[in-house]
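Inside the fold
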Amino acid sequence: MARGKLRIYLGAAPGVGKTYAMLSEAHRRVERGTDCVVGFVEHHGRQRTEVMLHGLEQIPRKELGYRDTVFTEMDVDAVLRRAPAVALVDELAHTNIPGSRNAKRWQDVEELLAAGIDVVSTVNIQHLESLGDVVESITGVRQRETVPDEVVRRADQIELVDMSPQALRRRMAHGNIYKSDKVDAALSNYFRPGNLTALRELALLWVADRVDEYLKQYRSEHRVSTIWGSRERIVVGLTGGPEGRTLIRRAARLAEKGAGGEVLAVYIARSDGLTSASPKELAVQRTLVEDLGGTFHHVVGEDIPAALLDFARGVNATQIVLGVSRRKTWQYVFGPGVGATVARESGPDLDVHLITHGEAGKGRGLPVARGARLGRARIIWGWLAGVAGPAILAVLLNTVDLGLANDMLLFLALTVAAALLGGLLPALASAALGSLLLNYYYTPPLHRLTIADPKNIVAIAIFFGVAVSVASVVDLAARRTHQAARLRAESEILSFLAGNVLRGETSLEALLERVRETFGMESAALLERESDVAPWTCAGSAGLGRTLERPEDADVDMPVGDHMALALTGRVLPAEDRRVLAAFAAQSAVVLDRRRLQEEADQARRLAEGNRIRTALLAAVSHDLRTPLAGIKAAVSSLRSDDVDWSEEDRAELLEGIEDGADRLDHLVGNLLDMSRLQTGTVTPIIRETDIDEVAPMALVGVPEDSVELDVPETLPMVAVDAGLLERVVANLVENAVKYSPRGERVLVAASAIADRVEVRVVDRGPGVPDDAKERIFEPFQRYGDAPRGAGVGLGLAVARGFAEAMGGTLDAEDTPGGGLSMVLTLRAAGSRPELLHPAQPERQVPC
């Protein structure tokens, strides 16, 4: 069945006529023969709206009782059974009365749409969930009934029902919206002209954004590449220079003059990262354009004019703002420039504005000199070889005659050396100077800048061409070698990041320390905020640099999404380093999300464990605690009964039953209290030197006589324990062993000294426990095998291990040779070091 279509009438405030417009549409559809019914429409006592309901079929409402009052809601089942073509459902954001089919009316509408029924509904702009805070700041009223924005966005049609604030207030004053006793209060509060104007603007802008989305979708589906000037979109081309701020402000003023103007700042970066843009200046400009209500975009493209035009056409821009070229006059020999190219290629649909600024004509700021990548020392040596080298070589060659061919080869070798040392520019200087010296000193006529023999002209020209070519190739090879080394370093860094992902490492501080070390910065911090207006907070940091309160205070910042940024202090990074920094920033966000998810998972696990324990506790209360209580009550009732003359033996037996039941209750409650202390971490043992032979006999008080054999030598060393906790541990172990021992088999409690520890073994000859269950029996509320319900709640061993670990000991289960189970309690001998039982783990280095 096809999903029904949703049409929504959106208004800025109550009373603009949404319900009236909806009912008018219903009458038009009924006249065309459409099966249309009223699912729920509230006329609020407005006569004109009530009149519009006449002639329309209305589905009877469902009555619901709540707090001694009867309310009516839409009967969803009745509408589904009627199955009309169109259903009218007023007030989409309405909250249904408790006991209704759904909590919200928009959920009722979703059911109707899923059943193939078209729905026409109404909603006010203040009921959209995303605008709740904005509406509250305007009107001072917090809207309790809201509808998710996505529900309204998914509507097939959204029609704005608009009315000026003055007209709406007149309707209010005439009593067409509220009753007369509420008119004055409404006009002086919610329906003030300022409130209505602001709400109207919200509604207009929200609908305009939806229309823009529909337009983009249509252009994409129909592959429309030409620009439709439906609204003013101004693209600002940024170079990273200081003139960008002037361009952004000028574009913002242009946008203010048009209806719904929008500013999009774009920076075009080459993929090889060779650019002179200042990352800090770009960050400032991004903040400026966002403060002015625009957006910042970073685009990679080799051909800057083409990339800029493609971006402008892709966003359906109408204007492009560029700065006047910073080139000097002689620099135009390299080409017409970005501004002239964009203006020539923009076509009739795009207006290009060239804005003057203070940097115009001061030099275009060419990309970072390629030779600068070789280091300052190599550049100096390159220029020495390219300028001083030919002069020195000419002096030396004047002392010996090697011939013109050999002289040219020597000057060519010097040019190659200059290229290897300093790059292209020193090599070009060497080639030019060498050509002049060859002409002056070694080609007839000598000591003149003229050449008599045409062959020598060709030779010098060939020399200059070969020198320039060789220098270019050498410089290109040097740059490619540098790029290869840089890419190798980047690949190693990215491999490290990928390894972190595969290994699942979640240490944000360690990653930030790696960022700081990789780029040689003073500090690195990951900042985040909840919204565009919320203050920044630090999610993690590394290093000893200054404390950052926002990304703009950093020397380098890399945004991660809308509300997160990686901020570094120490120096300004070149643009090529920002590619790797972007990978680090993205990984930092992933690590932060993973850490928070892990924390949430741990919390959920603790909650699940707590729920499991509470469930088991309820089961224990419902059976294990009630059973002895029932026995005690029955025995007491029997003793108090006057109908039966109990003999002394019967009376003694009943009293013994009462005592046994009370003991069982005392034991169960004691274990429950001990387990709760362990769960909350409130067990604080008092460690003292204690003799085991003094504690062990007291732990056997609660077991039958002749059921335990005690073997504790008096020569055992004293142990460092809490005597009370040790008694409880041994008592629980002995009780568990006696419970599972065959009749007639005695439980052995033996103690022995091994090195700096003392072992207490509780040995039984019962059925034993498989290896895979030896750890599980120490979990709370665990009974092994077919132990009867009355045998306890399964806390004895869990409490015993918890107390043992609280005293710095261990408790493990082993098989008894010949069959059975042995509980091995290991305690620290008095005077020994605590780490003997728990060897220290290697200390992990945690960065600051």
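Rules of the game
- Residues numbered from 1 in each chain as written.
- Predicted model: local features only at pLDDT ≥ 70, side-chain atom pairs only at ≥ 80, totals over all residues.
- Heavy atoms only, no water.
- Helix = DSSP H or I, 4+ residues; strand = E, 2+ residues; numbered from the N terminus.
- Buried < 20%, exposed > 50% of the residue type's maximum accessible area, 1.4 Å probe, protein only.
- Contact = heavy atoms within 4.5 Å.
- Areas by Shrake-Rupley, 256 points an atom, 1.4 Å probe, with all protein chains shown as cover.
- Patch = residues over 30% accessible without salt bridge, like charges linked within 9 Å, V, L, I, M, F, W, Y side chains within 5 Å.
- Salt bridge = Lys/Arg side-chain N within 4 Å of Asp/Glu carboxyl O.
- Lys, Arg positive; Asp, Glu negative; His and termini not counted.
- Charge placed at Lys NZ, Arg CZ, Asp CG, Glu CD.
- Phe/Tyr/Trp six-rings, centres within 6.5 Å; stacked < 30°, edge-to-face > 60°.
- Lys NZ or Arg CZ within 6 Å of the ring centre and 35° of its normal.
- Pairing = 2+ DSSP bridges.
- Axes fitted to C-alpha atoms, helices over the stretch in contact; angles between N-to-C directions.
- Core = buried A, V, L, I, M, F, W, Y, C linked by side-chain atoms within 4.5 Å.
- Right-handed = clockwise from strand over helix to strand, strands pointing away.
- Parallel < 35°, antiparallel > 145°, perpendicular 65-115°, else oblique.
- Left-handed = near helix turned anticlockwise from the far one by under 90°.
- Nonpolar A, V, L, I, M, F, W, Y, C, P; charged D, E, K, R; others polar.
- pLDDT = per-residue confidence, 0-100.
- Expected span 1.5 Å × (residues − 1).
- Polar contact = N/O pair within 3.5 Å; in protein donor to acceptor, adjacent residues only side chain to side chain.

**Description of the overall build of the protein chain**
Along its length, the protein chain carries 23 helices and 24 strands. The buried share of the protein chain, taken over its 848 residues, is 43%. For the protein chain, restricting intrachain contacts to residue pairs at least 6 apart in sequence, the fraction spanning at least 24 positions comes to 69%. For the protein chain, the exposed area adds up to about 45,100 Å²; of that, 54% sits on carbon and sulfur atoms.

**Here's the deal with a positive patch on the surface**
A surface patch of positive charge is lined by Arg249, Arg250, Arg253 and Lys257. The topology assignment puts Arg250 in helix H10 (residues 244-257).

**Re the packing of aromatic side chains**
Evaluated as defined, the whole model comprises 0 aromatic pairs. Directly above the aromatic system of Phe40 lies the positively charged group of Arg61, at a separation of 4.1 Å from the ring centroid. In this arrangement the basic side chain of Arg801 is found over the ring face of Phe778, its NZ or CZ atom lying 3.9 Å from the centre.

**Concerning the sheet that holds strand S8 (residues 157-161)**
Pairing within the open sheet is parallel, and its 6 strands lie in the order S3-S2-S6-S7-S1-S8. What marks the edges here is a single partner per strand, and that holds for strand S3 (57-58) and S8. Here strand S1 (residues 6-11) runs beside strand S7 (residues 118-124); their pairing, made up of 6 bridges, is parallel. From the neighbouring strand, Ile8 faces S7, where its bridge partner is Ser121. Seen against the sheet, helix H1 (residues 18-31) touches S1, strand S2 (36-40), strand S6 (86-89), S7 and S8 and runs at an angle of roughly 145° to S1. Each of S1, S2, S6 and S7 is contacted by helix H4 (residues 105-114), which is oriented at about 180° to S6, the strand it contacts most.

**Side note on the nonpolar core**
Counting residues in each nonpolar core, the largest one holds 62 residues, and the members touching the most others are Leu88, Leu92, Leu112, Ile125, Val147, Phe191 and Trp206. It is helix H9 (residues 193-221) that contributes the most residues to this core, 6 residues altogether. Ala696, Val712, Val719 and Leu726 belong to the second largest nonpolar core, which has 42 residues in total.

**Side note on unusual backbone geometry**
Positioned with a positive phi, Ala83 is a non-glycine residue whose angle comes to about 50°. Examined against the element boundaries, Ala83 turns out to sit in the loop between helix H3 (76-82) and S6.

**Overview of the pairing of S2**
Of all the 5 residues making up S2, 5 are buried; the element is thus mostly covered by neighbouring parts of the structure. Summarising the sheet, S2 and S3 pair through 2 bridges and their orientation is parallel. Residue pairing for S3: Val37 is matched across the bridge by Glu57. Once the chain exits S2 it traverses helix H2 (residues 47-52) before rejoining the sheet at S3, and the crossover so formed is right-handed.

**A word on the pairing of strand S22 (residues 757-763)**
By the criterion of burial, S22 is predominantly enclosed, with 5 of the 7 residues buried. Hairpin connection, strand S21 (residues 747-754) to S22: the antiparallel pair is bridged by 2 residues, and Ala755 has positive phi, about 55°. In this sheet, strand S24 (residues 821-828) lies alongside S22 in antiparallel orientation, the contact comprising 7 bridges. Residue pairing in the sheet places Val763 in a bridge with Ser822 of S24.

**Comments concerning the environment of Leu476**
Mapped onto the fold, Leu476 is located in helix H17 (residues 454-503). As a C-alpha pair, Leu476 and Gly423 span 53 residues in sequence and 8.5 Å in three-dimensional space.

**Details of the sheet that holds strand S15 (residues 537-543)**
The strand order across the open sheet formed by 4 strands is S15-S14-S17-S16, and the pairing between neighbours is antiparallel. Looking at the sheet topology across the chains shown, the edges are occupied by S15 and strand S16 (556-559). Neighbour to neighbour, the strand axes of the sheet diverge by 15° on average, direction disregarded. Looking at chain direction, S16 and strand S17 (residues 564-569) are connected through 4 bridges and run antiparallel. Bridge assignment links Met558 to a residue of S17, and that residue is Leu566.

**Here we look at the pattern of salt bridges**
By the definition in use, this model includes 26 salt bridges. Between Arg7 and Glu159 there is a salt bridge whose closest N-O contact spans 2.5 Å. With Arg7 in strand S1 and Glu159 in strand S8, this residue pair connects regions lying 152 residues apart in the sequence. Salt-bridge contacts for Arg344 lead to Glu345; the nearest nitrogen and oxygen are separated by 3.3 Å. A network of salt bridges, in which partner residues are shared, links Arg7, Glu25, Arg28, Arg29 and Glu159.

**Description of the packing of helix H12 (residues 304-314) against helix H13 (residues 338-345)**
Viewed as axis vectors pointing N to C, H12 and H13 meet at an angle of 45°, and their least axial separation amounts to 9 Å. Viewed along their axes, H12 and H13 adopt a mutual orientation that is oblique. Viewed along their axes, H12 and H13 form a crossing whose handedness is right-handed. Together, Ile304, Pro305, Leu308, Leu309 and Arg313 of H12 and Val338, Thr341, Val342 and Glu345 of H13 make up the contact between the two elements. Considered class by class, the residues forming the contact of H12 with H13 number 6 nonpolar, 1 polar and 2 charged.

**Quick word on the confidence of the model for the protein chain**
For the protein chain, the average pLDDT comes to 78, and 79% of its residues sit at 70 or higher. Put simply, H17 is where the protein chain has its lowest mean pLDDT, 67, and S6 is where it has its highest, 93. Per-residue pLDDT stays below 50 along residues 364-372; that stretch engages in 16 contacts with residues further than four places along the chain or on separate chains. Across residues 835-848, confidence stays below pLDDT 50; counting only partners more than four residues off in sequence or on other chains, it has 16 contacts.

**As for helix H22 (residues 723-740)**
The end-to-end C-alpha distance of H22 is 26 Å, a good match for the 26 Å that 18 residues give at a rise of 1.5 Å each. Three or more residues of H22 are buried, namely Leu725, Leu726, Val729, Val730, Ala731, Asn732, Leu733, Val734, Asn736 and Ala737. Its side-chain oxygen 3.0 Å from the backbone nitrogen of Gly724, Asp722 forms the N-cap of H22.

**Comments concerning the environment of Ala317**
Tracing the sequence through the fold places Ala317 in the loop between H12 and strand S12 (319-323). For Ala317, a relative accessible area of 0% translates into the label buried. Sequence separation of Ala317 and Asp349 is 32 residues, and the distance between their C-alpha atoms is 9.0 Å.

**Here's the deal with helix H23 (residues 796-806)**
Burial analysis of H23 places 8 of its 11 residues in the buried class, which makes it a mostly covered element. The first or second residue beyond H23 is Gly808, which carries a positive phi of 85°.

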